[in-house]
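A closer look at the structure
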Amino acid sequence: MSTFQDLGLNEDLLKAITDLGFETPSEVQEKAIPILLEQETDLVALAQTGTGKTAAFGFPMLQKIDIDSRTTQGLILSPTRELCLQIANEMKAYGKYCKGLNVVAIYGGSSITDQAREVKRGAQVIVATPGRMKDMIKRRLVDITKIQYSVLDEADEMLNMGFKEDITDILSGTPDDKNTWLFSATMPKEVSTIARKFMNDPQEITVGHKNQSTNTVSHEYYLVNARDRYQALKRLADANPDIFSVIFCRTKRDTQKVAEQLIEDGYSAGALHGDLSQNQRDIVMKQFRSRQIQMLVATDVAARGIDVDDITHVINYQLSDEIETYTHRSGRTGRAGKTGISMVIVSKSEIRRLKSIERIINKKFELKEIPNGMAICEVQLLSLANKIHNTEINHEIDKYLEDINALFEETSKEELIKKFFSVEFTRFFNYYQKSKNLNVAAGDSGRDSGRESSGSGARYFINVGEKDGFDWMKLKDFLKEVLDLGRDDVFKVDCKDTFSFFNTEKEHQEKVLAFFTDYKHEGRFVNVEITEDKPSRGGRGRGNSGGGGGRRRDGGSGGDRRRSGGGERRSSEGRGRRSEGSGSVDRRRGSDDAPARSRRSDGGGDRDKGEFKTTHSRSGRSRR
Ligand code: ADP
Ligand code: MG
């Protein structure tokens, strides 16, 4: 195994490496750095997340550029603002002894004039998101005509997010003889196309097996009914009192909802997604990095590449449509040789997707049980005992001790301990004592989902109809196609004049609603809502589902949690018809779910471009 000296890095960089505490080069660094230092070549490097790619291109770039010149010589493109900032900070740390080095981050959602001013001061290296970069080139705020080294970091993700054209445009304004270094975790077709198009006989390095997830991560899944997803999440959190985790949801909307609900239930949680302002995102990330937030609920795009140490658990609250995404998610934990756990909460209908993921990560998922209430109480109690045992005494309390001691004069140590722990224990106990078993037996072939889908599954209202050129068959085909559903998955399609109704099995409900959050048909937002007599407050619903163990909560209501179950749907066809007959959109709007949905469809606002695109491409592949 080589050292950083062996790789040929100069003194200034080696000093920074010592400061950073890097002892030996990682595999991708060992392979890439000598090539990039010694040769003027293009490079394609495939390595999973957390393998140290930033340093693999960062050090050679810093060593090769002319720091005495103020010309922009290095350009690093990365998919998200967070990643862009992270890379810029890393580059600054690597180059802290390179006097005169100026690394500037360029990304959307923050003042373009400030960024332009920084560039003007002479940035040898620019780290940018493609959207903002293109913008700045158009306005002639940056000059990249003398770039010698360009890096495409997380290339697969940038292409996923629809940045292909932006990247093409940006690179077309750079010199032909520059070197391009492409770093990616996976190598889908689009990436090799880009490589062929923009690169000149690139050298290739691959680290580990392609698409394989880290060895230090164990993969677990929990089988529950879809409506119990949120309750399951809470239990997993309660069963791991020191959890420090990223929780992945599929859509921005779900991300926000789950985070809000967790906060409401007393957990230290925060949301990270593209509908938040840059400032909000910065705050959340800062809180997460400083451990003020224990659970970061995030979309895939927003969390991509985020490097926070010591994440103990990645929780797949919902699986992504693209199975490759799982590798990126689970790569958030088990970094730098630490162990981590990647948990997946699945319902019966998703199990086969786990099989596909297993093939990609080349590892098996272990079926685990959501702990029962008493097990959680025990964990919490012992964790508290440990915490107390390890607590340093704060002598500020000395002055009150006399009074306190007086109060407990008659209490034995044994009794005192019992009382003391009961304070905390009772809270969890009250909440969990009558809790039900959330696990679905693996062999029990969908009994529960069967009951869920009895009757007619989920029925939806959609605001297109015959006036939009649909009849029931066309509408059915359209829905099947955009939702990527099978032949029999959309049924009972009933096309009216300006609106229609259709059904899917309950298991597709999330997907259907998520897809139509901001989908336009012929320039008009398509609105899809559940139509039921009683709007279902699904497991993840916004209604406060009775607290939870919740860390900071005092009261612990222990209310009727079963209320959040969607079990008592009463949507017989007869009732369904009645609600159709009224055709009353207003009534539906009156449901607790509708206003948010309608608002969302209208509001463009400060939306992360990439995120927006991804949401579409993810579910709407067939439309492209
Ligand atoms: P990737 O881009 O491959 O996902 P990063 O470049 O973000 O990975 O690096 C992941 C983490 O590993 C960072 O915290 C980084 O500082 C650290 N790291 C990188 N190289 C080394 C090394 N040689 N030794 C120890 N830690 C390293
Ligand atoms: Mg990276």
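All values derive from a computational prediction rather than experimental measurement. (Residues numbered from 1 in each chain as written. Chains lettered and ligands numbered in written order. Predicted model: local features only at pLDDT ≥ 70, side-chain atom pairs only at ≥ 80, totals over all residues. Heavy atoms only, no water.)

Some words on the overall build of the protein chain
Note the following rule: Helical segments are the DSSP runs of H or I of at least four residues, strand segments are the runs of E of at least two, and each set is numbered from the N terminus. Burial classes: relative accessible area under 20% of the type maximum marks a residue as buried, over 50% as exposed, and values in between as partly exposed (1.4 Å probe, protein chains only). Any two residues whose heavy atoms approach within 4.5 Å are treated as being in contact. Here the accessible surface of atoms and residues is derived via Shrake-Rupley with a 1.4 Å probe, and residues count as covered only by protein chains that are part of the display.
What the protein chain contains, in helices and strands, is 25 helices and 20 strands. Counting the 624 residues in the protein chain, one finds 55% classified as buried. For the protein chain, the proportion of contacts with a sequence separation of at least 24, taken over those separated by at least 6, is 79%. Approximately 28,400 Å² of the protein chain is accessible, and the part contributed by carbon and sulfur atoms is 48%.

Things to note about the packing of aromatic side chains
In plain terms, the rule: Pairing of aromatic rings covers Phe, Tyr and Trp, the last through its six-membered ring, and needs centres within 6.5 Å; plane angles under 30 degrees mean stacked, over 60 mean edge-to-face, and all others mean tilted.
As enumerated under the stated definition, the model contains 20 aromatic pairs in all. Their ring planes at 20° and their centres at 4.7 Å tell us that Tyr460 and Phe502 sit as a pair that is stacked. Of this pair, Tyr460 sits in strand S15 (residues 458-462) while Phe502 is found in strand S17 (residues 500-504), placing the two residues 42 residues apart along the sequence. The pair Tyr460 / Phe502 is uniform in exposure class, with both members buried. Ring centres 5.6 Å apart and planes at 85° place the aromatic pair Phe516 and Tyr519 in the edge-to-face group.

As for the packing of helix H10 (residues 229-238) against helix H11 (residues 252-264)
Quick reminder of the rule: Between N-to-C directions, angles cover 0 to 180 degrees, with each direction set by a line fitted to C-alpha atoms, over the stretch in contact for helices. Working definition: roughly parallel below 35 degrees, roughly antiparallel above 145 degrees, roughly perpendicular at 65 to 115 degrees, and oblique for all remaining angles. By definition, turning the near helix anticlockwise from the far helix through less than a right angle yields a left-handed crossing, and turning it clockwise yields a right-handed one.
Packing of H10 against H11 brings their axes to within 12 Å, and their N-to-C directions diverge by 55°. Compared by their axis directions, H10 and H11 come out oblique. With respect to the hand of their crossing, H10 and H11 are arranged in right-handed fashion. Residue-level contacts link Tyr230, Leu233 and Lys234 of H10 to Val258, Gln261 and Leu262 of H11.

Here's the deal with helix H20 (residues 472-483)
So the rule is basically this: One less than the residue count of a helix, multiplied by 1.5 Å, gives the span that helix is expected to have. Relevant arc is that of directions from the helix axis to the C-beta atoms, nothing else. As used in this structure description, the phrase polar contact means that two N or O atoms lie within 3.5 Å; if the pair is within protein, one of them must be able to donate a hydrogen and the other to accept it, and residues adjacent in sequence are counted only when both atoms belong to side chains.
A rise of 1.5 Å per residue sets the reference length of H20, with its twelve residues, at 16 Å; its end C-alpha atoms lie 16 Å apart and thus fit the reference within 8%. Every buried residue of H20 is accounted for by Leu475, Lys476, Phe478, Leu479, Val482 and Leu483. Within H20, the buried residues cover an arc of 165° as seen down the axis, which keeps them to one side. For H20, the N-terminal capping position is held by Asp471, with its side-chain oxygen 3.0 Å away from the main-chain nitrogen of Met473. With its phi angle positive at about 60°, Asp484 sits one or two positions after the end of H20.

What about the sheet that holds strand S4 (residues 125-128)?
Selection rule: In this scheme, strands are said to pair when DSSP sees at least two bridges between them.
The seven strands are arranged S3-S4-S2-S5-S6-S1-S7 in an open sheet whose pairing can be described as parallel. Looking at the sheet topology across the chains shown, the edges are occupied by strand S3 (103-106) and strand S7 (203-206). The sheet shows a mean angle of 15° between the axes of neighbouring strands, taken without regard to direction. Bridge count for strand S2 (residues 74-77) against S4 is four bridges, and the pairing is parallel. Pairing of Ile76 across the sheet is with Val127, part of S4. Relative to strand S6 (residues 179-184), helix H3 (residues 53-64) is tilted by about 165°, and along the sheet it contacts S2, S4, strand S5 (149-152) and S6.

Quick look at the site of ligand 1
Short version of the rule: Nearness of a residue to a molecule or strand requires only that one of the residue's heavy atoms be within 4 Å of it. Each residue receives one of three labels: charged for Asp, Glu, Lys and Arg, nonpolar for Ala, Val, Leu, Ile, Met, Phe, Trp, Tyr, Cys and Pro, and polar for the others, Gly being one of them.
The local shell around ligand 1 holds 16 residues, among which Thr24, Gln29, Gly50, Thr54 and Asp307 are the closest. A distance of 2.9 Å is found between a nitrogen atom of ligand 1 and a backbone nitrogen or oxygen belonging to Thr24. Between ligand 1 and the protein, one listed contact pairs a nitrogen atom with a side-chain N or O atom of Gln29 at 2.7 Å. Bound to the protein, ligand 1 loses 84% of the 560 Å² it would expose on its own. Its residues placed into classes, the shell around ligand 1 shows three nonpolar, nine polar and four charged.

Some details on the sheet that holds strand S9 (residues 245-248)
Ordered by their spatial adjacency, seven strands build an open sheet running S10-S11-S9-S12-S13-S8-S14, and the pairing between neighbours is parallel. Where the open sheet ends on each side, the last strands, each with one partner, are strand S10 (269-272) and strand S14 (366-368). Averaged over all pairs of adjacent strands, the angle between their axes in this sheet comes to 25°, without regard to strand direction. The pairing of S9 with strand S12 (residues 313-316) spans four bridges and is classified as parallel. Of the residues in S12, the one forming a bridge with Phe248 is Asn316.

Considering a nonpolar patch on the surface
Worth spelling out the cut-off: In this analysis, a patch consists of residues with relative accessible area above 30% that form no salt bridge, clustered at 9 Å for like charges and at 5 Å for the nonpolar side chains Val, Leu, Ile, Met, Phe, Trp and Tyr. By definition, a salt bridge exists where a carboxyl oxygen of Asp or Glu is found within 4 Å of a side-chain nitrogen of Lys or Arg.
A surface patch of nonpolar side chains, amounting to about 570 Å² of accessible area, comprises Ile397, Tyr400, Ile404, Leu407, Phe408 and Leu416. When residues in the nonpolar patch are grouped by element, the largest group, three residues, is from helix H17 (residues 398-407). Note on placement: Ile404 falls in helix H17.

Points about the confidence of the model for the protein chain
For residues with low pLDDT, the predicted coordinates do not support detailed interpretation. Just so we agree on the cut-off: You can read pLDDT as the predictor saying how much it trusts each residue, on a scale of 0 to 100.
When the pLDDT values of the protein chain are averaged, the result is 80; 81% of them are 70 or greater. Between the elements of the protein chain, mean pLDDT differs from a low of 28, seen in helix H24 (residues 594-602), to a high of 98, seen in S2. Low pLDDT, under 50, characterises residues 445-454; the stretch is placed with nine contacts to residues that sit more than four places away or in other chains. Note that residues 551-624 has pLDDT below 50 and, in this model, 161 contacts with residues that lie over four places away or in other chains.

A few points about helix H1 (residues 11-20)
Buried residues of H1: Leu13, Leu14, Ala16 and Ile17, and no others. Looking down the long axis of H1, one finds its buried residues gathered within 160° of arc, a one-sided arrangement. The exposed residues of H1 that point more than 90 degrees off its buried face are Glu11 and Thr18. Measuring from the backbone nitrogen of Asp12 back to the side-chain oxygen at the start of H1 gives 3.3 Å, which picks out Asn10 as the cap. Looking at the residues trailing H1, positive phi occurs at Gly21, about 85°.

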